[in-house]
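# Structural description and commentary
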Amino acid sequence: VQLQASGGGLVHPGGSLSLSCTASGRTFSAYTVGWFRQAPGKEREFVGGVFRNGGSTFYADAAKGRFTISRDNAKSTIYLQMNSLRPEDTAVYYCAASRTIILSSIAIPSSYNYWGQGTLVTVSS
């Protein structure tokens, strides 16, 4: 599967931004998709994910209450709605997919087989 992330840009602190991750392939519903981010000089970190089929979501603590992940299998697209953005949310955001993710591995980058190219989110006044 090929992933294409989009929707990044410049936003003021407290603002909102919605990212999309669109996948190729006909079995998109069979993939768990995770969102990760990487700030300059830092390691890639898990933001949140949505499980295959049933679509249960799981979030990192930094994202809880501010970010929402949803999926539209008919459009082969995963969305990351980000509200109340902070300067520390500035990073390149990546989506990743795998068919074999379980809860204990959802936050581990090496658990994913497929990665999108990343989209830059800058939160600044």
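Quick note: structure is the one above.
In this report, the structure presented in the accompanying data block is examined.

Rules behind the numbers
- Residues numbered from 1 in each chain as written.
- Predicted model: local features only at pLDDT ≥ 70, side-chain atom pairs only at ≥ 80, totals over all residues.
- Heavy atoms only, no water.
- Core = buried A, V, L, I, M, F, W, Y, C linked by side-chain atoms within 4.5 Å.
- Buried < 20%, exposed > 50% of the residue type's maximum accessible area, 1.4 Å probe, protein only.
- Helix = DSSP H or I, 4+ residues; strand = E, 2+ residues; numbered from the N terminus.
- Contact = heavy atoms within 4.5 Å.
- Pairing = 2+ DSSP bridges.
- Polar contact = N/O pair within 3.5 Å; in protein donor to acceptor, adjacent residues only side chain to side chain.

Core analysis: the biggest nonpolar cluster contains 28 residues, and Leu19, Trp35, Phe67, Ile78, Leu80, Met82 and Tyr93 have the highest contact counts within it. Elements with a minimum of two residues in this core: β1 (3–6), β3 (17–23), β4 (32–38), β5 (45–50), β7 (67–72), β8 (77–82), β9 (91–98) and β11 (119–123). With near-sequence residues (within four places) excluded, phenylalanine 67 lies in contact with Arg37, Val47, Tyr59, Leu80, Gln81, Met82, Asn83, Leu85, Asp89 and Tyr93. Of all hydrophobic cores here, the second largest spans 8 residues; its members include Phe46, Ala96, Ile101 and Ile106.

Bringing the pairing of β8 into the picture now. Summarising the sheet, β3 and β8 pair through 6 bridges and their orientation is antiparallel. When the bridges of β8 are listed, serine 20 appears paired with tyrosine 79. Across 6 bridges, β7 lies against β8 in antiparallel orientation. Directly across from serine 70, in β8, lies its bridge partner tyrosine 79. Between β7 and the antiparallel strand that follows it, β8, lie 4 residues; serine 76 among them carries a positive phi value of about 50 degrees.

A few words now on the side chain of threonine 32. Structurally, threonine 32 can be placed in strand β4. In this structure the side chain of threonine 32 is engaged in a polar contact, spanning 3.1 Å, whose partner is the backbone nitrogen of arginine 52. The residues touching threonine 32, leaving out its near neighbours within four places in the chain, are Val50, Phe51, Arg52, Arg71, Ala96, Ala97, Ser98, Ile101, Ile106 and Tyr112.

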